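# Tertiary structure, described
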Amino acid sequence: MTWDFSTDPDFAADLAWTDRLVRERIEPLETLDLGHDQLLTVIAPLQEEVRARGLWAAHLTPELGGQGMGQVRLALLHEVLGRTLYAPLVFGNNAPDSGNAELIAVAATPEQRERWLEPLLAGTIRSGFSMTEPGAAGSDPTLLTTRAVRDGGEWVIDGHKWFTSNGSIADILIVMAVTDPDAGPHRRTSMFVVPRGTPGVDVVRDVPTMDHPDGTFGRYGNHAEIVYRGVRVPADHLIGEVGGGFALAQKRLGPGRIQHAMRWIGQANRAFDMLCERAVSRVAHGSVLAEKQSVQNWVADSYAELTQVRLLTLYAAWKMDQVGAAGARTEIAMVKYAGAKVLHDIIDRAIQVHGALGFSTDMPLEFMYRKARQARLVDGPDEVHKVTVARRVLRGYEPRAVPTEHVPTRRAAARRQFAEALDALAVSL
Ligand SMILES: Cc1cc2nc3c(=O)[nH]c(=O)nc-3n(C[C@H](O)[C@H](O)[C@H](O)COP(=O)(O)OP(=O)(O)OC[C@H]3O[C@@H](n4cnc5c(N)ncnc54)[C@H](O)[C@@H]3O)c2cc1C
C-alpha cells in the first residue's frame, strides 16, 4: 500500500477550471460594493456555468442534485472556493444554506424536501440557522431556552436568538427549540422550519460585528438578532423527530467543518501570496524585505503551517470518507482549531509585511483579518473542540503510580529480562 497525495486528472481539470473562474471572474466582484440583490443578478450567469460544468451544490448526493464526490474532493474544491467570500455562493454551497440543505436532506419528509430543499438547492430561497441565544452559552446547546410548545396542530415558539447568519435576508429560518425540558440533555430540543414572514418573527437588527461593524441591515453574510414571540407553525414544520434537534445539529456540522477549514486554507494561501509578493517587492535598509531574516521566518513558518494544516484537513476528509463523521470526530475537531490558528497567523504576518498599507482598506488583508477572527468561534469555540480531542486522546491512557518510562524501574526490569545474558557477559550494572 502506498500513501497517494495525487489528484485524479479528471478532477484536477475541474479544480483548474474552478480556480480560473474564481480568480478571474469572482474575485473582482469583491471590489464593488454590491447589495445582495445586485450581487445575485451579477453572479447568475456564473452560476449557470457552474451548473453546466456539473459542480453546482457539489456537497450533496446525486439524488439531491449534487455530485456525491466524497469529502476529499469536496475539500479540494473548497480550498479553491475559499479564496473569496462570493465563490461558495456562485457554486451553490455557501454557509449556512449548504448545512441547512444537508440537515433538511437527512431528516425531512418528501413533502418538506419538495417545499424547502428543492428551492434551497436551486438557490431561489435563502435560509438561516437559529440556534445561538444571547442569554445562554452557545458552546453548550443543552442550555438553550427557546421553547416550542405543541398546541393542537401547531407548535408555538418563543425565544430570543442572535447570530443567525443571513437571518435578515433569509426566506426560512431553522429554529432549534426546547420541546421537552424534562428529557435528557441531548433529547430536549427539536428543529423547526419557520418562514421568515410568520407573525411573531421579529428580526430586531443585524448585529454589528468585526466583519461588518456598521451593521447595515439586510446584507449577505450579516448575523441577525431575532425575537420569536408566540410564533405559530403547523406541526409539519418540525424537521425530523421530536427530541432529535441535538443529533441533527451534530450531523449538520461535521462535514461543514472540513469544508470551512479548507476554505480557510484557500484564504490563508491568498494572504501568503500577498506576503511573498510584498516581501520580494519592498526595499528597506538596503535590501528587499525578502532578505530580512524575520521575513524569511514568516515565509518559512507560514509555508510549513499551511502544508501541515492542509494535509491534516485532507486526512480528516479521507477518514470521513472511510469511516463516516462519527469515526472521524477527533480529526474533524482538530482541523477546526488548527485551521483557525493558521488562518489568523498568516493573515497577521501578511499585514505586518505590508506595514501601513496592510492596515489600510487599500488591501483586502484588514477585512480578511477581521473575518478570520470569527473562525475561532463559529461552529463551536476552539476550546470546546480541544476538549473533544483531549478527551478522546486521553481515553487511550491508564493512570500509573510510576510512569511507564521511569528509567530506574525500566532498568530493574531490563536486568531481570536479560539476567542470563548479562551474567554470561559478567557485566555488572
Ligand atoms: C460570525 C459568526 C457567525 C455565527 N453564525 C451562527 C449561526 O448562523 N447560527 C447560530 O445559531 N449561531 C451562530 N454563531 C454563534 C456561534 O455558534 C457561537 O458564538 C458559539 O457556539 C459560541 O457560543 P457563545 O457565543 O454563546 O459563547 P459561549 O458559549 O458563551 O462561550 C464563550 C467562551 O467560553 C469559552 N468556553 C466555552 N466552553 C468552554 C469549554 N468547555 N472549555 C473551555 N472554554 C470554554 C470559549 O473561550 C468561548 O469562546 C455565529 C457566531 C459567529 C461569531
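Throughout this description, residue numbers start from 1 for each chain and increase along the sequence as written. Per-residue local features of the predicted model are confined to residues with pLDDT of at least 70, and side-chain atom pairs are confined, for both listing and counting, to 80 or more; whole-chain, interface and lining totals are unaffected and use all residues.

## A short note on the overall build of the protein chain
Only DSSP runs of H or I covering at least 4 residues are called helices, and only runs of E covering at least 2 are called strands; the numbering of each starts at the N terminus. Summing up its helical and strand segments, the protein chain has 14 helices and 10 strands in all. Seen through its principal axes, the protein chain has C-alpha atoms that stretch 90 × 65 × 45 Å. When burial is assessed residue by residue, the protein chain has 39% of its 429 residues classed as buried. Residues are scored as being in contact if the C-beta atoms we place from backbone atoms lie within 7 Å. For the protein chain, restricting intrachain contacts to residue pairs at least 6 apart in sequence, the fraction spanning at least 24 positions comes to 70%. Three exposure classes are used. Buried residues have 20 or more other C-beta atoms within 10 Å of their own C-beta, exposed residues have 12 or fewer, and partly exposed residues fall in between, all C-beta atoms being placed from the backbone.

## Topic: the nonpolar core
A set of buried Ala, Val, Leu, Ile, Met, Phe, Trp, Tyr and Cys residues, joined to one another through C-beta atoms within 7 Å, is what we call a nonpolar core. In this structure, Ile157, Phe192, Val194, Ala271, Ile347 and Ala350 are the most contacted members of the largest nonpolar core, which totals 99 residues. Ranked by the residues each element gives to this core, the list is headed by helix H9 (residues 329-354), at 14 residues. Every residue in contact with valine 194, bar those within four places of it in the chain, is listed here: Ile157, Ile172, Leu173, Val175, Val201, Val231, Val233 and His237.

## Remarks on the domain arrangement of the protein chain
The start and end points of each domain follow an automatic or database-based domain assignment. In terms of domains, the protein chain is made up of domain 1 (9-122), domain 2 (127-239) and domain 3 (247-394). Computed over C-alpha atoms, the centres of domain 1 and domain 3 are 22 Å apart. Between domain 1 and domain 3, the residue contacts involve 19 residues of the former and 21 residues of the latter. At the level of secondary structure, the elements contributing two or more residues to the side of domain 1 that touches domain 3 comprise helix H3 (70-81) and helix H5 (97-107). At nine residues, the largest contribution of residues to the side of domain 1 that touches domain 3 is made by H3.

## Considering the site of the ligand
Each residue receives a C-beta atom placed from its backbone. It is near a molecule or strand if this atom lies within 6 Å of it. As a structural note, the neighbourhood of the ligand is formed by 20 residues, with Met131, Ala137, Gly138, Ser139 and Glu383 the closest of them. At the level of elements, strand E1 (127-130), strand E3 (154-165) and helix H12 (382-394) are the ones that each hand at least two residues to the shell around the ligand. Tallied by class, the residues present in the shell around the ligand amount to 10 nonpolar, nine polar and one charged. Two domains share the shell around the ligand, each providing at least three of its residues, namely domain 2 (127-239) and domain 3 (247-394). Note on residue classes: Ala, Val, Leu, Ile, Met, Phe, Trp, Tyr, Cys and Pro are nonpolar, Asp, Glu, Lys and Arg are charged, and everything else, Gly too, is polar.

## Side note on unusual backbone geometry
Across the junction of alanine 95 and proline 96, the peptide omega takes the value 0°, indicating a cis bond. Residue placement: proline 96 occurs in the loop between helix H4 (87-90) and H5. Despite not being glycine, phenylalanine 163 shows a phi value in the positive range, around 60°. Inspection of the secondary structure puts phenylalanine 163 in strand E3. The residue aspartate 379 is not glycine, and still its phi comes out positive at about 55°. For aspartate 379, the position within the fold is in the loop between helix H11 (365-372) and H12.

## A few points about the environment of arginine 188
Considering the arrangement of structural elements, one finds arginine 188 in the loop between strand E4 (172-178) and strand E5 (189-195). With 44 residues separating them along the chain, arginine 188 and leucine 144 place their C-alpha atoms 9.2 Å apart. In contact with arginine 188, not counting residues within four places along its chain, are Thr142, Val178, Asp180, Pro181, Ala183 and Gly243.

## Observations concerning the packing of helix H8 (residues 293-327) against H9
Whenever a helix is involved, its axis is fitted only over the stretch in contact; in every case the axis is a line through C-alpha atoms, and angles between N-to-C directions fall within 0 to 180 degrees. In contact at an axis separation of 9 Å, H8 and H9 are set at 160° when each is read in the N-to-C sense. Considering the angle they form, H8 stands roughly antiparallel to H9. By crossing handedness, the relation of H8 to H9 is classed as left-handed. Taken together, the residues of the contact of H8 with H9 sort by class into 16 nonpolar, three polar and six charged. Working rule for angles: under 35 degrees goes down as roughly parallel, over 145 as roughly antiparallel, 65 to 115 as roughly perpendicular, anything else as oblique. Here a crossing is taken to be left-handed if its near helix is turned anticlockwise relative to the far helix by less than a right angle, and right-handed if that turn runs clockwise.

## Some points on H9
Expected span of a helix: the number of residues minus one, times 1.5 Å. Relative to the 38 Å expected for 26 residues at 1.5 Å per residue, H9 spans 38 Å between its end C-alpha atoms, a close match to the ideal helical length. For H9, a buried count of 19 out of 26 residues is recorded, marking the element as mostly surrounded by other parts of the structure. Note on H9: the residue one or two positions beyond its end, glycine 355, has a positive phi of about 60°.

## Focus: the environment of methionine 176
With respect to the element layout, methionine 176 can be found in strand E4. Assessed through the 25 C-beta atoms surrounding it within 10 Å, methionine 176 is described here as buried. The residues touching methionine 176, leaving out its near neighbours within four places in the chain, are Ser130, Met131, Leu144, Thr189, Met191, Gly245 and Ala249.

## What to know about H11
Since one α-helical turn is 3.6 residues long, residues separated by three or four positions face the same way. Those residues of H11 lying buried are Leu365, Met368, Tyr369 and Ala372. All buried residues of H11 lie within an arc of 100° about the axis, which places them on one face of the element. Read the arc as the range of directions from the helix axis to the C-beta atoms.

## Some details on the packing of H9 against H11
The relative placement of two packed helices comes down to the angle between their axes together with the axis-to-axis distance. The contact between H9 and H11 brings their axes to 9 Å, and the two run at 155°. By the criterion of interaxial angle, the relationship of H9 to H11 is roughly antiparallel. In this structure, H9 meets H11 at a crossing whose hand is left-handed. Touching Leu343, His344, Ile347, Asp348, Ala350, Ile351 and His354 of H9 are Leu365, Glu366, Met368, Tyr369 and Ala372, all from H11. Of the residues belonging to the contact of H9 with H11, the class tally is eight nonpolar, two polar and two charged.

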